[in-house]
Amino acid sequence: MAGELRGVPVGRSPRIVYLSRIESFSASHRLHSHQLSDEENLRIFGKCNNPNGHGHNYKVEVTLRKEVDPVTGMAMNLVDLKAVMQRAIMETLDHKNLDKDVPYFQSIVSTTENVAIYIWDNMVNLLPDGSLYEVKIHETDKNIVCYRGE
């Protein structure tokens, strides 16, 4: 059409949206730092330092910040985002003992903060440059961590 460039009216700025998808996974872990004594770990992490560990049903919300393609009307095909989340989150974390099954956590405490960073690091290279905006993890209904790559 006259006055349009790839479906965007001339003079109109690209439209930016925030697109989110949620997945859930179950995993166990133990909050324990090898840099602390057993007494310090127990004092800091309390019952979450149980030698046998404990588990969570995590809910992960991944948000992208992207321009809407004027031809497809999508920021990203949700089928593609689902596949990235499957590879970066579900295959590596679901039904795992984070401390024993995920090499990343053998030297890093498996707090929800560090799980969010791990997911970000796994996803950022699988998505279009600069599109990953936020990883939000609900460890429980009351405990939530957001990470934006900072």
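Quick summary incoming for the structure in this document. For every chain, the first residue of the written sequence is number 1, and numbering continues from 1 along that sequence. Note on the predicted model: pLDDT of at least 70 is required for a residue's local features to be given, and 80 or more for side-chain atom pairs to be given and counted; whole-chain, interface and lining totals, by contrast, use all residues. To obtain the side-chain values, all non-hydrogen atoms of the structure were used and water was disregarded.

## Quick word on the environment of Gly46
Each helix is a run of DSSP H or I of at least 4 residues and each strand a run of E of at least 2, with the numbering of both proceeding from the N terminus. Along the chain, the position of Gly46 falls in the loop between helix H1 (38-45) and strand S4 (54-67). Expressed as a C-alpha distance, the spacing of Gly46 and Asp141, which sit 95 residues apart in the sequence, is 20 Å.

## Things to note about the pairing of strand S7 (residues 144-147)
By the alternation rule, side chains of S7 split into Val145 and Tyr147, which are all buried, and Ile144 and Cys146, of which none is buried. What makes two strands pair is DSSP finding at least two bridges between them. Two strands pair when backbone bridges link them, and strand S6 (residues 132-138) and S7 are joined in this way by four bridges, in the antiparallel orientation. Counterpart to Ile137 in the pairing with S7 is Val145. Taken together, S6 and the strand that follows it, S7, pair antiparallel across an intervening segment of five residues. Accessible area is worked out with a 1.4 Å probe on protein chains only. A residue is then buried under 20% of its type maximum, exposed over 50%, and partly exposed in between.

## A short note on the packing of aromatic side chains
Put simply, two rings from Phe, Tyr or Trp (the six-membered ring, in Trp's case) pair if the centres are within 6.5 Å, and we call them stacked under 30 degrees between planes, edge-to-face over 60, tilted for the rest. Applying the stated criterion to the full structure yields six aromatic pairs. Arranged with centres 4.8 Å apart and planes meeting at 15°, the rings of Phe25 and Tyr58 form a pair that is stacked. In this pair, Phe25 sits in strand S3 (residues 16-29) while Tyr58 sits in strand S4, placing the two residues 33 residues apart along the sequence. Comparing Phe25 with Tyr58 shows no difference in burial state: the two are buried. Considering the side-chain rings of Phe105 and Tyr118, the 5.4 Å spacing of their centres and the 50° angle between planes classify their relative orientation as tilted.

## Describing unusual backbone geometry
In this structure, His95 takes a positive phi of about 55° despite not being glycine. Summarising the element assignment, His95 is placed in the loop between helix H2 (78-93) and strand S5 (96-97).

## Looking at the pattern of salt bridges
The salt bridge criterion pairs a side-chain nitrogen of Lys or Arg with a carboxyl oxygen of Asp or Glu, the two atoms within 4 Å. Summed over the entire model, instances satisfying the criterion amount to two salt bridges. Of the charged contacts in the structure, one is a salt bridge between Glu23 and Arg21, with a shortest N-O distance of 3.0 Å. When its relative accessible area of 23% is taken as the criterion, Arg21 is described as partly exposed. Note that Arg148 and Glu134 form a salt bridge whose closest N and O atoms lie 2.8 Å from each other. A residue pair is termed long-range when its members are at least 10 positions apart, and Arg148 in the segment after S7 and Glu134 in strand S6 qualify at 14 residues. Residue classification places Arg148 among the partly exposed positions, given a relative accessible area of 43%. Exposure remark for Glu134: the relative accessible area of 7% places this residue in the buried category.

That is the geometry; function is a separate question.
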